[in-house]
Amino acid sequence: MRLRFPFTPLQIKQDGITKLVVLPLYPQFSISTSGSSLRLLESIFREDEYLVNMQHTVIPSWYQREGYIKAMASLIEGELKKFKDPDKVMIFFSAHGVPLAYVEQAGDPYKAEMEECVDLIMEELEKRQITNAYTLAYQSRVGPVEWLKPYTDETIVDLGQKGVKSLLAVPISFVSEHIETLEEIDVEYKELALKSGIVEWGRVPALGCEPTFISDLADAVIESLPYVGAMAVSNLEARQSLVPLGSVEELLAAYDTKRAELPPPVTVWEWGWTKSAETWNGRAAMLAVLALLVLEVTTGEGFLHQWGILPLFH
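I will try to describe carefully the structure that is included in this document. Only a predicted model underlies this, so the values are computations on that prediction, with no experimental measurement involved.

**Describing the overall build of the protein**
Here is step 1: Along the backbone of the protein there are eleven helices and six strands.
Here is step 2: Buried positions account for 43% of the 314 residues belonging to the protein.
Here is step 3: When contacts within the protein are restricted to residue pairs at least 6 apart in sequence, those whose partners lie at least 24 apart make up 75%.

Below, the structure written as structure tokens:
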């Protein structure tokens, strides 16, 4: 069954579920994606009498699974055939970015898993006699903080300046179509590529319900069933046929040892009628009223005295 917050606890109870396999639909683990979802689930478990003793296990990431790798390679292979000269197409992996601090300060494995994922896909393509040049960049950054580099938009411009004429974009961290594929890649990055000298542009579709991919996810869940309620494996970094499994708390303790508070991804000033603007506008108004009151009391002059609200004195 597929569960969505905040309806997860209610649906679990209604269906009488007693054991869970938690499968985040993020191929690569990140504290900001899978991690935040798992911590929310963990907090829900602890606060609910029915869920507190729920036997469960977690599949933290599954980018290295054979079915996923082969499904991605097949989609790339199919799109390459649509170009005039498939052998000369640059394969451009574009992943969702995360703030650099997540990786360098909190030990987020996202960057390492993403790079390994791309390597595994290219190894599968090489087995199919596809040896195109490729690169990896990160998209969707916001705010003034530094994010994982290289950035997708800057890399597209750079490739155009270097003479690359054919580019195939691969949304490597997305398994479904949404605004970051349909708008950011298909519209914004395509337009940027054509302006930068790219002549042919293509984009690999998100996996969606691709049969090999879905079948492999089902296999991952079935393989994990014997581990429901079991302790996590000692070495979560080990690449085994069965993905690392364990309780939510054990898993996150292994991935984020320090449990340090992470900086917010967006730290920019918000304009308009927002919660941030409302707060600062209120503070400014309070300071203005206080300054006016002090001026009235110390000088004995002002609107409040003229209106008789404060007594006149000299």
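Moving on, there is more to tell.
**A closer look at the pairing of strand β3 (residues 90-96)**
Consecutive residues of a regular strand have side chains that alternate between opposite faces of the sheet.
Here is step 1: Counting buried positions along β3 yields six of seven residues, so the element is predominantly enclosed.
Here is step 2: Strand direction decides the pairing type here: β3 and strand β5 (residues 166-171), joined by five bridges, are parallel. What sits directly across from Ser94, in β5, is Pro171.

**Quick notes on the nonpolar core**
Here is step 1: Counting 39 residues, the largest nonpolar core has Tyr68, Ile76, Phe93, Ile121 and Ile172 as the members making the most contacts within it.
Here is step 2: Residue contributions to this core peak at eight residues, all from helix α3 (residues 66-80).
Here is step 3: If you count residues domain by domain, this core takes at least three from each of domain 1 (9-62 + 211-254) and domain 2 (66-203).
Here is step 4: Counting 14 residues, the second-largest nonpolar core is a separate cluster that includes Leu20, Phe29, Leu51 and Val58.

**Some thoughts on the sheet that holds strand β6 (residues 200-203)**
Here is step 1: Spatial strand order, β4-β3-β5-β6: four strands in an open sheet with parallel pairing. Only two strands of the sheet have a single partner each, and these edge strands are β4 (134-139) and β6. Taken pair by pair, the neighbouring strands of this sheet meet at an average axis angle of 25°, ignoring direction.
Here is step 2: Where helix α5 (residues 110-127) meets the sheet, its contacts fall on β3 and β4, and the angle it forms with β4 comes to roughly 145°.
Here is step 3: Against the sheet, helix α7 (residues 179-195) engages β3, β4, β5 and β6, with an angle of about 170° to β6.

**What about α5?**
Here is step 1: Taking 1.5 Å per residue as the helical rise, α5 with its 18 residues ought to reach 26 Å, and the 26 Å between its terminal C-alpha atoms agrees with that figure.
Here is step 2: Those residues of α5 lying buried are Tyr110, Glu113, Met114, Cys117, Val118, Ile121, Met122, Glu124 and Leu125.
Here is step 3: Count one or two residues on from α5 and you reach Gln129, which has phi positive near 65°.

**Some remarks on helix α6 (residues 152-161)**
Here is step 1: If you check which residues of α6 are buried, you get Thr152, Thr155, Ile156, Leu159 and Gly160. The arc that holds the buried residues of α6, viewed along the axis, is 135°, so those residues lie on one side.
Here is step 2: Buried-residue contacts for α6 involve β3, β4, β5, α7 and β6.
Here is step 3: Just downstream of α6 lies Gly163, where phi reads positive at about 100°.

**Observations regarding the packing of aromatic side chains**
Here is step 1: Under the counting rule described, the total for this entry stands at five aromatic pairs.
Here is step 2: Relative to Tyr68, the ring of Trp62 has its centre 5.3 Å away and its plane inclined at 90°; by these criteria the two rings are edge-to-face. Each member of the pair, Trp62 as well as Tyr68, is classed as buried.
Here is step 3: Centre to centre, the rings of Tyr110 and Tyr138 are 6.5 Å apart; their planes meet at 55°, and the pair counts as tilted. Of this pair, Tyr110 sits in helix α5 while Tyr138 is found in strand β4, placing the two residues 28 residues apart along the sequence. Each of the two residues, Tyr110 as well as Tyr138, counts as buried.
Here is step 4: By way of ring pairs, the aromatic residues Trp62, Tyr68 and Phe213 are connected into one cluster.

**A short note on the environment of Val103**
Here is step 1: By secondary structure assignment, the location of Val103 is in helix α4 (residues 100-104).
Here is step 2: Taking the C-alpha atoms as reference, Val103 lies 9.6 Å from Trp147; in sequence the two are 44 residues apart.
Here is step 3: When near neighbours in sequence (up to four residues on either side) are disregarded, Val103 contacts Val98, Asp108, Lys111 and Leu148.

**Focus on the pairing of β6**
Here is step 1: Both faces of β6 are covered, namely the face carrying Glu200 and Gly202 and the face carrying Trp201 and Arg203.
Here is step 2: Summarising the sheet, β5 and β6 pair through four bridges and their orientation is parallel. Looking at the pairing, Ala169 lines up with Arg203 of β6.
Here is step 3: In this region the chain leaves β5, passes through α7 and returns to the parallel neighbour β6; the handedness of that crossover is right-handed.

**Comments concerning the pattern of salt bridges**
Pairing between side chains becomes possible if they bear opposite charge and their charged atoms approach one another.
Here is step 1: According to the stated counting rule, one finds 15 salt bridges in the structure shown.
Here is step 2: The closest approach of N and O atoms between Glu223 and Arg65, which form a salt bridge, is 3.1 Å. On the criterion of sequence distance, the pair formed by Glu223 in helix α8 (residues 211-224) and Arg65 in the loop between β2 (55-58) and α3 is long-range, its members being 158 residues apart.
Here is step 3: Judged by its relative accessible area of 32%, Glu223 is partly exposed.
Here is step 4: Here Arg65 falls in the buried class, since its relative accessible area comes to 8%.
Here is step 5: Between Lys195 and Glu191 there is a salt bridge whose closest N-O contact spans 3.2 Å. Remark: Glu191 and Lys195 occur in helix α7; sequence separation between them is four residues, near one turn of the helix.

About the criteria used
Residues numbered from 1 in each chain as written. Predicted model: local features only at pLDDT ≥ 70, side-chain atom pairs only at ≥ 80, totals over all residues. Heavy atoms only, no water. Helix = DSSP H or I, 4+ residues; strand = E, 2+ residues; numbered from the N terminus. Buried < 20%, exposed > 50% of the residue type's maximum accessible area, 1.4 Å probe, protein only. Contact = heavy atoms within 4.5 Å. Pairing = 2+ DSSP bridges. Core = buried A, V, L, I, M, F, W, Y, C linked by side-chain atoms within 4.5 Å. Domains from an automatic or database assignment. Axes fitted to C-alpha atoms, helices over the stretch in contact; angles between N-to-C directions. Expected span 1.5 Å × (residues − 1). Arc of directions from axis to C-beta. Phe/Tyr/Trp six-rings, centres within 6.5 Å; stacked < 30°, edge-to-face > 60°. Right-handed = clockwise from strand over helix to strand, strands pointing away. Salt bridge = Lys/Arg side-chain N within 4 Å of Asp/Glu carboxyl O.

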